[in-house]
Amino acid sequence: MKILLVRPNTPRQSINLQSFMICEPLDLEYVASSLKLNNHEVDLVDMLLEKKPLKYFLKQKNYDLVGITAYITTVGVLKEYAKIVKNYNKNIIVCAGGVHAEVVPRDFVDENIDYILWANGVKTLVSIANSFPDIDIDSLPGAYVENREKPPVENGTLPFPDRAITKKYRDRYNYIYHDKCATIKTSFGCPYKCKFCFCTRICDYGVRVLDGVLDELEQIEEENVFIVDDDFLVSRERVLSFIDGLKRRGINKHYIAFGRADFIAENEDLIIMLHKAGFDAFFVGIESFKNSELSDFTKKTSVETNVKAINILERNGLQCYSGLIVGEDWTKPDFDTLINHLNAFEHPLVNIQPITPMPGTPLFDEYSYEITEKRENYACWDMAHVVFKPVKMNKRLYYYHIVRAYLKTSANAKQRKFIKERYGKRVYNRVKQGATKIFFQYLKLMIFSK
């Protein structure tokens, strides 16, 4: 079977970090390797980086199936692509997958989409390809059918992702300040259940065998590696074994990973060891400077713990990237306090987001404030647009204070100088260009919002 895998471009109106950060499509690379093991012919096109239209790539071969992945912001783009495929050749099978399809599959119900992969997506897509042309939906429990019970999600062993399939793009994959950056998963899911978090709705927490992870690392050509586990810092014993494995095998790379503040605060000795093993930065979900909000989010940490964790990272030479959620009822003094709180750290490189009740999360079901953004406006559910009616101010002023907080913290003169000196002029200019684009997107929202 001839198969084309597609990562869609981001809609123009979305505000997202892809303006200066594009990671490799690891999910599609996993799909590609599994399909190839089953003797299918597979190509991949990354529309984030391509200038030619999708139809151009459809013409290159007589494809039997097109598989497209999506987050919530690209659901509309995926549907447009599906229509393009069917208009080009109605006999091509169109499959929709990705994390959003696994949690909210009904968003993908469309006349141009044949199969929605809502459980065990890789296995399900391989089953579709293997049974072609006699595909029986009843034998595909992982394909979404309304009123069908979702099968258990499996964390089985997959072949290593096929990074050769993205060879033409690899020089352009990066993570914020880290150029030519590969990605790897050492675990799936998260053992914590924060109300706002989408990743916890996909599958239960499970880990890969570390020997397999180390084997895969040895095959990665890039010097920089982003560990995309939802939380890499779960088990002290596992992290120690990972560090030992890197030493034994002589693997010398630079790493970025997600980690919880409470783990960092309780394991400074381990953070020092991780830095010596090549870890340059951790992304830490601060979420709030208010303990009451952290409790509401079921974050199971505290402001004091967050501060301790960031101080540990900074004094031991690691960069702390952080995420912070702006509440519905925030006032100007709240934003002022946020700015002062962040500037107490040496380098407050933070992603400031309005609280977003993402469909499929407990927060969406429990959200008690007025949601003003239509669900069908997928591009605006980017955790940057304000999708609700703020309680204490209008949207225009709310956006203004978010931008003000950025300009006085992550984007102030001190931090711009630090970024240029630490990462170099080329990386600085790339990030500056993306940040400038986002600034003008926010400026437009400030002008036209009410």
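Structure first, text after, so check above.
Remember, predicted model here, so these are calculated numbers, not experimental data.

Scoring rules and cut-offs
- Residues numbered from 1 in each chain as written.
- Predicted model: local features only at pLDDT ≥ 70, side-chain atom pairs only at ≥ 80, totals over all residues.
- Heavy atoms only, no water.
- Buried < 20%, exposed > 50% of the residue type's maximum accessible area, 1.4 Å probe, protein only.
- Helix = DSSP H or I, 4+ residues; strand = E, 2+ residues; numbered from the N terminus.
- Arc of directions from axis to C-beta.
- Contact = heavy atoms within 4.5 Å.
- Salt bridge = Lys/Arg side-chain N within 4 Å of Asp/Glu carboxyl O.
- Pairing = 2+ DSSP bridges.
- Axes fitted to C-alpha atoms, helices over the stretch in contact; angles between N-to-C directions.

**Q** Looking at this structure, I do not really get helix 12 (residues 332–342). What am I missing?
**A** Side chains three or four residues apart in an α-helix point the same way, a direct result of the helix having 3.6 residues per turn. For helix 12, the complete set of buried residues consists of Asp334, Phe335, Leu338, Ile339, His341 and Leu342. Across the axial projection of helix 12, the buried residues extend over an arc of 165°, all falling on one side. For helix 12, exposure combined with an orientation more than 90 degrees from the buried face picks out Pro333 and Asn340. In this structure, the buried side of helix 12 is in contact with helix 11 (303–315), strand 12 (319–326), strand 13 (349–354) and helix 14 (395–408).

**Q** Explain the pattern of salt bridges to me, please; I cannot follow it from the model alone.
**A** Two side chains carrying opposite charge are able to pair once their charged atoms lie near each other. Taken as a whole and judged by the stated rule, the model has 27 salt bridges. Across the pair glutamate 50 and lysine 168 runs a salt bridge whose closest N-O atoms are separated by 2.9 Å. With a gap of 118 residues between them, glutamate 50 in the loop between strand 2 (41–46) and helix 2 (54–58) and lysine 168 in the loop between helix 5 (121–131) and strand 6 (181–184) connect regions that are remote in the sequence. Taking relative accessible area as the criterion, glutamate 50 reaches 15% and is therefore assigned buried. For lysine 86, the salt bridge identified is with aspartate 114, shortest N-O distance 2.8 Å. With lysine 86 in helix 3 (residues 75–88) and aspartate 114 in the loop between helix 4 (99–103) and strand 5 (115–116), the pair connects residues that are 28 residues apart, well separated along the chain. The buried category is assigned to lysine 86, whose relative accessible area is 14%. Given the relative accessible area of 36%, aspartate 114 is considered partly exposed.

**Q** How do you make sense of the sheet that holds strand 10 (residues 254–258) when you look at a structure like this?
**A** Paired through their backbone hydrogen bonds, the strands of a sheet run either parallel or antiparallel. Spatial ordering of the open sheet is given by 6-9-10-11-12-13, a layout of six strands whose pairing is parallel. A single partner strand is all that each edge strand has here, and the edge strands are strand 6 and strand 13. Averaged over all pairs of adjacent strands, the angle between strand axes in this sheet comes to 20°, irrespective of strand direction. Here helix 15 (residues 413–423) sits on the sheet in contact with strand 11 (279–287), strand 12 and strand 13, set at roughly 145° to strand 12.

The analysis is restricted to geometry; functional conclusions fall outside its scope.
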